[in-house]
Each structure stands twice: as structure tokens, then as C-alpha cells.
Amino acid sequence: MGALLRPLPAAAALLLAPAAPLTGSAVTASAVSGRRWRSVRTNAGGGWLSGLLGGKGGGAPTAMAVTPGTVKAGDPVLHEPAREVARGDVASEKVQGVIDRMIDVMRKAPGVGLAAPQIGVPLRIIVLEDTQEYISYAPKKDIEVQDRRPFDLLVIINPKLKNTSKRTALFFEGCLSVDGYRAVVERHLDVEVSGLDRNGSPIKVQASGWQARILQHECDHLEGTLYVDKMLPRTFRIVDNLDLPLPIGCPPLGAR
């Protein structure tokens, strides 16, 4: 994992994960949209805010850190499509509680985006936020080439994403659910995402540059897709090697 903006708590956070046999975990039962889930205490690592910081288009190299509150690659909830939230359930205590937990986990990581499956809940909800503080940790040249600008907290339920141009760019990405690694992913530079906000009202976001990348990354999670499913395989590396040259034959970072 890359550099973190604030110290991580020593204790592991409580998260929701699919009901399944568990070993060595503290488990309690809860329900989301009528389905049984289990709360699991776990230590988890990684975060893709750090993939948005300095170096090679995103991420100053450091040793892997620990980020509580997220399930990790290999958990089925991350590799299967999530379910839509019924409009009548948006205001429910359960759905609002999931949203609050997502925001808390994202900010404590700290990260700039999170999807509900990453806390073990297979619902189509994403949250994202990029602050001037986070951006200030990145080299100015990277901020400019990534077209990265701060934006306020967004909560989008049942997001529907469409590309609004053919422009694409290649940059490194990381993920809270894939600890300590980065890889180059090609993403569209201009997108539109529509859905519901946390109050159940329609919301539409038109984004470009880095915000568009975050939206695509998080919407992928809702389809059971991780960035490693879309990466340029030869660019995959540990964070400590982030500033090493790209392999011969790999396309350069930046807009295409």
C-alpha cells in the first residue's frame, strides 16, 4: 500500500461479509434487504488513494500498510454482480447504515472511492470523494496530467455509467481490496453516471479526468470486476516498485 494520510487505528474494524463458515473470526448476524450476513472482525490492507498520490502517474512507493474494513480479492462478493437497491429501501435504516459504514471505511483508509461489495455487502452503492488535502500529496506534474480536481462526497445508488467520449488514458491504479499492488489500467476520460442519491432523489454526474477514473473503478466493483481484470498484466507490481520503468513494449502513461 502507498503512503497514508493519517495513522491507521490499531484495532481491526467491523465489516459485513457474506454468511459463510468462518474460522478464527468474531461473528454476529445482521440482515440487509432481507438476506442474512455476518459481521466479521478482520485486518485488511491496501487502498487506492495511495495509487492516486505521486510517482508514475499515481502512488508514492512505500511498504504495504493495513487498512481495516474491506474484504479482499478472492472473496466471492467481489467477483459477482451486486444487486440493485429497491427505491423503497433507500431510506431504510439498513441501507443508510451501509452507506455510513462505507463513508467511514473510505475516509479512514484513507481512500477516494469505495463500493458496497468491498465491505462485503452485494448492493449497488458507491461512494467517492477527493479533497484538496489528498491532492496536495501528489506531485504537481501528476495532478495536471491526470486532470485531477477536488470534489465533494458523492453517494450513488444503482449507478448507471456511460462513456461520453472515445478519449482514454493509461495510469496506475490500486484498490482497497488488493493489498500492496498497482497496475496500469486504460480508462475512458469522460463519463456520465446516473442513479439515486442517499435520499432516493435522482442524481447525474458528468465527470472527466481522474474523477471519471474513480467512477469507472467503483462501478466495475458492482459488476464483480477488479482493476486486475482490466490491467495491462506486465505492469502489475508491488507498490515499492512503482517508480521502476515500465517493461519494454508497454505504452506510455497518459492520454492516448
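This text follows the structure it describes.
The structure reproduced in this document is the subject of the present report. (Residues numbered from 1 in each chain as written. Predicted model: local features only at pLDDT ≥ 70, side-chain atom pairs only at ≥ 80, totals over all residues. Heavy atoms only, no water.)

1. Overview of the overall build of the protein chain
In terms of regular secondary structure, the protein chain is built from four helices and twelve strands. Buried residues in the protein chain amount to 53% of all 256 residues. Across the protein chain, every contact between residues at least 6 apart in sequence was considered, and the portion connecting residues at least 24 apart equals 70%. When the accessible surface of the protein chain is summed, it comes to about 11,000 Å², and 53% of that surface belongs to carbon and sulfur atoms. (Helix = DSSP H or I, 4+ residues; strand = E, 2+ residues; numbered from the N terminus. Buried < 20%, exposed > 50% of the residue type's maximum accessible area, 1.4 Å probe, protein only. Contact = heavy atoms within 4.5 Å. Areas by Shrake-Rupley, 256 points an atom, 1.4 Å probe, with all protein chains shown as cover.)

2. A look at helix H4 (residues 209-222)
Structural remark: α-helix, 3.6 residues per turn; residues separated by three or four positions point the same way. Between its first and last C-alpha, H4 extends 21 Å over 14 residues, near the 20 Å set by a 1.5 Å rise per residue. Glycine 224 sits one or two residues past H4 and shows a positive phi near 80°. (Expected span 1.5 Å × (residues − 1).)

3. Notes on the pattern of salt bridges
Applying the stated criterion across every chain yields a total of 16 salt bridges. Residues lysine 141 and aspartate 142 are paired through a salt bridge, measuring 3.2 Å at the closest nitrogen-oxygen approach. For lysine 162, the salt bridge goes to glutamate 192, with nearest N and O atoms at 3.7 Å. Taken together, the positions of lysine 162 in strand E6 (residues 151-163) and glutamate 192 in strand E9 (residues 190-196) put the pair 30 residues apart, joining distant regions of the chain. The buried category is assigned to glutamate 192, whose relative accessible area is 12%. Ionic contacts of the salt-bridge type, sharing partners, join the residues Glu173, Arg187, Arg213, Asp220 and Lys230 into one network. (Salt bridge = Lys/Arg side-chain N within 4 Å of Asp/Glu carboxyl O.)

4. Focus: the sheet that holds strand E11 (residues 237-238)
One open sheet accounts for four strands, arranged E11-E8-E7-E12; its pairing is antiparallel. The open sheet has two free edges, formed respectively by E11 and strand E12 (254-255), since each of these has just one partner strand. Two elements, strand E8 (residues 178-188) and E11, share two bridges in a ladder whose sense is antiparallel. By the bridge assignment, tyrosine 181 is partnered in E11 with isoleucine 238. Across the sheet, H4 is in contact with strand E7 (168-175) and E8; its angle to E7 comes to roughly 55°. (Pairing = 2+ DSSP bridges. Axes fitted to C-alpha atoms, helices over the stretch in contact; angles between N-to-C directions.)

5. A word on the sheet that holds strand E10 (residues 202-208)
What the five strands build is an open sheet, ordered E4-E5-E6-E9-E10; its pairing is antiparallel. Of all the strands in the sheet, just strand E4 (113-115) and E10 have a single pairing partner and so form its edges. Averaged over all pairs of adjacent strands, the angle between strand axes in this sheet comes to 40°, irrespective of strand direction. The sheet contact formed by E6 and E9 spans five bridges and is antiparallel. Bridge pairing in E9 places asparagine 163 opposite valine 191.

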